[in-house]
Amino acid sequence: MGPFTSPAALPEFKVSIWPPDISPWLAGNTGIGGVTTLDSVRSGPHVALLCLIHGNELAGAIALDRLLRAGLVPTRGKLSFGFLNLEAFSRFDRSRPTASRFVDEDMNRVWDRAILDGPRHSIELDRAREIRGFIDTVDVVLDLHSMLWPSEALILSGVPAKGRILAAAIGTPALVVADHGHVNGRRLIDYPRFADPATPFAGCLVEAGQHWEQSTVDTLLASVAGLLRHLGVVAPDAPLPPAPGPTPTRVARVTIAVTAATSNFCFVQTYHGGDIIAQRDTLIAMDGETEIRTPHDDCLLVMPSLRPSRGHTAVRLGRFE
């Protein structure tokens, strides 16, 4: 490969946060384990804050556990808290923190009606079917995530304009990325209820920073606070972090999602998510013998995976609007 880097070995990741004790929330109050809904009994939207769609992404669970213990309640509409992939979360091991992302398959790749209505089974697919009826009652969903590789925090808004508008209104993180998702399956925010431009319902996915850092928890709490204040569903003195100072929102649209076609995908250098490549046609990676080059000037690298598996997204390339 000459000057190019070889596919990155998976490093030993530092785990700076601990799995929260979510035992008070496992039963829920909706008939669905891990799902708790608080009803203000006043007219308003049904807002769902979701975490642990990937079992090793602890920051979202810490954030929601903290808000529940602090007594956060809606002043209008309904507010739901969902801890989703409980089976994977129960297997989290600090010595092997990447191993419990899922048990059988990625729970954030099964939100296609044909798959949900189909015949096959897995732990994650069956759990998605279990919560599907609940999801079909939600007006606004905020799906809380974190990242393995270093990257600027961002909000993924999906394709519809309503997602971008919601993400910009949330305000934190200030980078909004509109994208089509992954070739290997639909995310929760791609579920037709939220992705169909003809519906009034919207969803965003927050990628708040690296998986096991306290700063990621802080970003998720700020994102939740931004959403709830924007929707006007909590009291001014709600137990939320203070509103940050105004920060200009940057919006980028993914022009190409690069999927690794071989097991030998490697970047020419160690990029970070949020890096901007100034010149069009800059070589950024090799996928076997295939060159991966930037399609336009000022190309944003969205969440590059430094060791992508074949058939999985290696990086998304975006253009600022």
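Structure shown above.
Residues numbered from 1 in each chain as written. Predicted model: local features only at pLDDT ≥ 70, side-chain atom pairs only at ≥ 80, totals over all residues. Heavy atoms only, no water.

Looking at the sheet that holds strand 4 (residues 140–147)
Phase 1 of the analysis: Pairing is mixed across the open sheet formed by eleven strands, whose spatial order is 1-3-2-4-7-5-6-8-14-13-10. Among the strands making up the open sheet, the edge pair consists of strand 1 (35–39) and strand 10 (276–277).
Phase 2 of the analysis: Here four bridges tie strand 2 (residues 46–51) to strand 4, and the two strands are oriented parallel to one another. Bridging from a neighbouring strand, Val47 pairs with Val140 of strand 4.
Phase 3 of the analysis: On top of the sheet, helix 1 (residues 58–69) reaches strand 2, strand 3 (78–83) and strand 4; it is set at about 135 degrees to strand 3, its chief contact. (Pairing = 2+ DSSP bridges. Helix = DSSP H or I, 4+ residues; strand = E, 2+ residues; numbered from the N terminus. Contact = heavy atoms within 4.5 Å. Axes fitted to C-alpha atoms, helices over the stretch in contact; angles between N-to-C directions.)

Quick look at the environment of Ile131
Phase 1 of the analysis: In this fold, Ile131 is placed in helix 4 (residues 123–135).
Phase 2 of the analysis: Residue Ile131 is classed as buried on the basis of its relative accessible area, which comes to 0%.
Phase 3 of the analysis: Distance in space between the C-alpha atoms of Ile131 and Ala314 is 29 Å, their sequence separation being 183 residues.
Phase 4 of the analysis: Ignoring any residue separated from it by four or fewer positions in sequence, one finds Ile131 in contact with Ile32, Leu84, Met107 and Trp111. (Buried < 20%, exposed > 50% of the residue type's maximum accessible area, 1.4 Å probe, protein only.)

Some thoughts on helix 5 (residues 161–170)
Phase 1 of the analysis: Turning to helix 5, its buried residues number three or more, namely Lys162, Gly163, Arg164, Leu166, Ala167 and Ile170.
Phase 2 of the analysis: Directly beyond the C-terminal end of helix 5, a positive phi value near 90 degrees is found at Gly171.

Concerning the side chain of Ser223
Phase 1 of the analysis: Inspection of the secondary structure puts Ser223 in helix 7 (residues 214–231).
Phase 2 of the analysis: A polar atom in the side chain of Ser223 sits 3.0 Å from the backbone oxygen of Thr172.
Phase 3 of the analysis: Ignoring anything within four residues of it in the chain, the contact list for Ser223 reads Leu142, Ile170, Thr172, Pro173 and Val206. (Polar contact = N/O pair within 3.5 Å; in protein donor to acceptor, adjacent residues only side chain to side chain.)

A look at the environment of Leu125
Phase 1 of the analysis: Among the secondary structure elements, Leu125 is positioned in helix 4.
Phase 2 of the analysis: Taking the C-alpha atoms as reference points, Leu125 and Asn108, 17 residues apart in sequence, are found 9.5 Å from one another.
Phase 3 of the analysis: Once residues within four sequence positions are removed from consideration, Leu125 is found in contact with Glu105, Val110, Ile115, Leu116 and Arg120.

Quick look at the side chain of Glu124
Phase 1 of the analysis: If you trace the backbone, Glu124 turns up in helix 4.
Phase 2 of the analysis: A distance of 2.9 Å separates a polar atom in the side chain of Glu124 from the backbone nitrogen of Asp104.
Phase 3 of the analysis: Dropping the residues within four chain positions of it, Glu124 is found in contact with Asn85, Phe102, Val103, Asp104, Glu105 and Met107.

Observations regarding empty space enclosed by the protein
Phase 1 of the analysis: Tallying each qualifying case throughout the model produces one cavity of 30 Å³ or more.
Phase 2 of the analysis: Around the largest cavity, the lining residues are Ser157, Gly158, Pro160, Lys162, Gly163, Ile189, Phe194, Ala195, Ala202 and Gly203.
Phase 3 of the analysis: The class makeup of the residues in the lining of the largest cavity is five nonpolar, four polar and one charged. (1 Å grid on protein atoms, 1.4 Å probe; cavity = no way out; pocket = protein on both sides within 12 Å on 5 of 7 lines; lining within 4 Å. Points joined across faces, edges and corners; volume = space filled by probe spheres on them. Nonpolar A, V, L, I, M, F, W, Y, C, P; charged D, E, K, R; others polar.)

Quick notes on the pairing of strand 3
Phase 1 of the analysis: Extensive coverage of strand 3 is indicated by the burial of five of its six residues.
Phase 2 of the analysis: Pairing of strand 1 with strand 3, which is carried by five bridges, proceeds in the antiparallel orientation. In the strand pairing of strand 3, Leu38 is matched with Leu79.
Phase 3 of the analysis: Across six bridges, strand 2 lies against strand 3 in parallel orientation. By the bridge assignment for strand 3, His46 is matched with Lys78.
Phase 4 of the analysis: As a crossover connection, the stretch from strand 2 through helix 1 into strand 3 is right-handed. (Right-handed = clockwise from strand over helix to strand, strands pointing away.)

What to know about the sheet that holds strand 9 (residues 265–267)
Phase 1 of the analysis: Pairing within the open sheet is antiparallel, and its three strands lie in the order 9-11-12. Looking at which strands have only one partner, the edges of the open sheet turn out to be strand 9 and strand 12 (290–293). Sheet twist, expressed as the average angle between the axes of neighbouring strands with direction ignored, equals 25 degrees.
Phase 2 of the analysis: For strand 9 and strand 11 (residues 283–287), the ladder comprises three bridges, and the chain directions are antiparallel. Along strand 11, the bridge assignment pairs Cys266 with Met286.

Quick look at the nonpolar core
Phase 1 of the analysis: Among the nonpolar cores identified, the biggest contains 69 residues, and Leu49, Leu72, Phe83, Leu142, Leu227 and Leu228 are the most heavily contacted of them.
Phase 2 of the analysis: What Leu49 contacts, discounting residues up to four positions off in sequence, is Leu64, Leu79, Ser80, Phe81, Gly82, Leu142, Val224 and Leu227.
Phase 3 of the analysis: Ile32, Ala48, Trp111 and Leu116 belong to the second-largest nonpolar core, a separate cluster that totals 20 residues. (Core = buried A, V, L, I, M, F, W, Y, C linked by side-chain atoms within 4.5 Å.)

Examining the environment of Ser122
Phase 1 of the analysis: Positionally, Ser122 belongs in the loop between helix 3 (113–116) and helix 4.
Phase 2 of the analysis: Overall, the relative accessible area of 9% leaves Ser122 in the buried class.
Phase 3 of the analysis: In this structure, the C-alpha to C-alpha distance between Ser122 and Trp111, residues eleven residues apart in sequence, is 13 Å.
Phase 4 of the analysis: For Ser122, the residues in contact, after removing those within four places along its chain, are Asp104 and Glu105.

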